[in-house]
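Take a look at the letters that make up each chain.
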Amino acid sequence: MSKFFKRFYLGIVLVFLYVPILVLIIQSFNGGKSRAKWEGFSLRWYEELLHDQAILGALQVTLSVALIAMVFSTLLGTLAAIGIYSMKRRPRTLLTSVSNITLTNAEIITGVSLMLLFVFLGKF
């Protein structure tokens, strides 16, 4: 029974994550201006998108920044991995522990925030 609930919960989470994206994709082909009423299949909005210079310029800047960030982060990550691999055991352990602080920091803040919420609501 527990396996069923785990899969059911996962299914619900996936539905809540992906159904809005699917609705947005479907509505992007709506011929009318209103998203409340379906006025037929159309590529009108994509046609207007390709003729709008401001949006195309923003797309070009976005792709350029993404490409530069990708190259920079790949190089930096590769150099860091080579450097960490070639370190002695003790400094490597210290460095990986320090770098994991940023990963656990968000979880700690979330936990403290939830604890404060429960205390405020009188549930704890």
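Residues numbered from 1 in each chain as written. Predicted model: local features only at pLDDT ≥ 70, side-chain atom pairs only at ≥ 80, totals over all residues. Heavy atoms only, no water.

**Q** Which residues make up the overall build of the protein chain, and what are the values?
**A** A count of helical and extended segments in the protein chain gives four helices and zero strands. For the protein chain, the sequential pattern of α-helices and β-strands runs α-α-α-α. At 24 Å, the protein chain has a C-alpha radius of gyration far larger than the 14 Å of a compact globule built from 124 residues. Overall, the protein chain is about 65 × 45 × 35 Å in size when its C-alpha atoms are taken along their principal axes. Expressed as a percentage of the 124 residues in the protein chain, the buried residues total 5%. Across the protein chain, the fraction of contacts at a sequence separation of at least 24, relative to all contacts at a separation of at least 6, is 0%. Accessible surface computed for the protein chain: about 11,200 Å², of which carbon and sulfur atoms make up 74%. (Helix = DSSP H or I, 4+ residues; strand = E, 2+ residues; numbered from the N terminus. Rg over C-alpha atoms; globule rule 2.2 N^0.38 Å. Buried < 20%, exposed > 50% of the residue type's maximum accessible area, 1.4 Å probe, protein only. Contact = heavy atoms within 4.5 Å. Areas by Shrake-Rupley, 256 points an atom, 1.4 Å probe, with all protein chains shown as cover.)

**Q** Which residues make up the packing of aromatic side chains, and what values go with them?
**A** Evaluation of the coordinates by the stated rule reveals four aromatic pairs. Ring geometry for phenylalanine 4 and phenylalanine 5: centres 5.5 Å apart, planes at 65°, overall edge-to-face. Overall, phenylalanine 5 belongs to the partly exposed group, its relative accessible area being 48%. Three or more aromatic residues joined by ring pairs make a cluster, and in this case those are Phe4, Phe5 and Phe8. Here the guanidinium or amino end of arginine 44 rests over the ring plane of tryptophan 45, the centre of that ring lying 4.2 Å away. (Phe/Tyr/Trp six-rings, centres within 6.5 Å; stacked < 30°, edge-to-face > 60°. Lys NZ or Arg CZ within 6 Å of the ring centre and 35° of its normal.)

**Q** Outline the confidence of the model for the protein chain, listing residues and values.
**A** Residues of the protein chain with pLDDT of at least 70 account for 98%, and the chain-wide mean is 88. Ranking the helices and strands of the protein chain by mean pLDDT puts helix α3 (residues 53-85) first, with 95, and helix α4 (residues 89-121) last, with 85. (pLDDT = per-residue confidence, 0-100.)

**Q** Please provide a residue-by-residue account of the pattern of salt bridges, values included.
**A** Applying the stated criterion to the full structure yields one salt bridge. With a shortest N-O distance of 3.3 Å, arginine 44 and glutamate 48 are connected by a salt bridge. Of the two residues, arginine 44 and glutamate 48 both sit in helix α2 (residues 44-51), four residues apart, roughly one turn of that helix. (Salt bridge = Lys/Arg side-chain N within 4 Å of Asp/Glu carboxyl O.)

**Q** Any details on a nonpolar patch on the surface? Residues and values, ideally.
**A** A cluster of nonpolar residues, Leu22, Ile26, Trp38, Phe41, Leu43, Tyr46, Leu49, Leu50 and Ile55, forms a patch on the protein surface that exposes about 890 Å² of accessible area. If you list the elements that add at least two residues to the nonpolar patch, you get α1 (2-27) and α2. At three residues, the largest contribution of residues to the nonpolar patch is made by α2. Position of tryptophan 38 among the secondary structure elements: in the loop between α1 and α2. Judged by its relative accessible area of 42%, tryptophan 38 is partly exposed. (Patch = residues over 30% accessible without salt bridge, like charges linked within 9 Å, V, L, I, M, F, W, Y side chains within 5 Å.)

**Q** Which residues make up the environment of serine 86, and what values do they have?
**A** Residue position: serine 86 is located in the loop between α3 and α4. According to the relative accessible area criterion, serine 86 is exposed, its value standing at 58%. Along the chain, serine 86 and alanine 58 lie 28 residues apart, while their C-alpha atoms are 42 Å from each other. One polar contact links the side chain of serine 86 to the main-chain carbonyl oxygen of glycine 83, over a distance of 3.1 Å. (Polar contact = N/O pair within 3.5 Å; in protein donor to acceptor, adjacent residues only side chain to side chain.)

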